[in-house]
Amino acid sequence: KKGEMLDGEGGFCVWGKQVPADVSLEKGLLPLGLAHNVKLKRNIPEGGAVGWADVDYDATDTAVKTRREMEAAFGRRNAAA
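Keep in mind the model is a prediction, meaning the values are calculated, not measured. (Residues numbered from 1 in each chain as written. Predicted model: local features only at pLDDT ≥ 70, side-chain atom pairs only at ≥ 80, totals over all residues. Heavy atoms only, no water.)

### Regarding the side chain of Ser24
Of note, Ser24 is situated in helix 1 (residues 21–27). Since its relative accessible area comes to 11%, Ser24 is described here as buried. If near-sequence neighbours (up to four positions away) are discounted, Ser24 is found in contact with Val19, Leu29 and Arg67. (Helix = DSSP H or I, 4+ residues; strand = E, 2+ residues; numbered from the N terminus. Buried < 20%, exposed > 50% of the residue type's maximum accessible area, 1.4 Å probe, protein only. Contact = heavy atoms within 4.5 Å.)

### Quick notes on the pattern of salt bridges
For the structure on display, the rule yields three salt bridges. Between Arg67 and Glu71 there is a salt bridge, with the nearest N and O atoms lying 3.1 Å from each other. Taken as a pair, Arg67 and Glu71 lie in helix 2 (residues 62–74) at a separation of four residues, close to a single helical turn. Residue classification places Arg67 among the partly exposed residues on the basis of a relative accessible area of 27%. Among the salt bridges present, the one from Glu71 reaches Arg68, with a minimum N-O distance of 2.9 Å. Residue Glu71 and its partner Arg68 are located together in helix 2, separated by three residues, close to a single helical turn. (Salt bridge = Lys/Arg side-chain N within 4 Å of Asp/Glu carboxyl O.)

### Points about the nonpolar core
One finds Leu6, Val14, Leu30, Leu34, Ala35, Val38, Leu40, Ile44, Trp52, Val55 and Val64 forming the largest nonpolar core, which totals eleven residues. Contacts of Leu30, omitting those with residues within four sequence positions, involve Ala35, Val38, Val50, Gly51, Trp52 and Val55. (Core = buried A, V, L, I, M, F, W, Y, C linked by side-chain atoms within 4.5 Å.)

### A closer look at the sheet that holds strand 1 (residues 5–7)
Read from one edge to the other, the open sheet built from three strands follows the order 1-2-3, with strand pairing classed as antiparallel. Bordering the open sheet on either side are strand 1 and strand 3 (55–56), each of which pairs with just one other strand. Strand direction decides the pairing type here: strand 2 (residues 36–40) and strand 3, joined by two bridges, are antiparallel. Looking at the pairing, Lys39 lines up with Asp56 of strand 3. (Pairing = 2+ DSSP bridges.)

Set out below in structure tokens:
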């Protein structure tokens with residue numbers, strides 16, 4: 001529910017499954033490892049995917065900054081693909 005704090009991997013209200021990187025990037029999905037102590041900005045249906053846009057996160061957090069930098073640097077398709 002909107003306003004709820006997510007408790008992350010191994011918690012009560014979060015579970016995850018693997019998706020291909022290109023799908024995760026295309027949909028702007030929040031990595032499971034970063035779904036701890038972030039507040040939902042909107043209701044998410046049970047079993048629904050949570051994206052970066054769905055949570056309030058600390059953009060200055062080292063793990064968040066590193067992940068966002070990785071997404072920007074490596075999120076493009078391989079030229080050889």
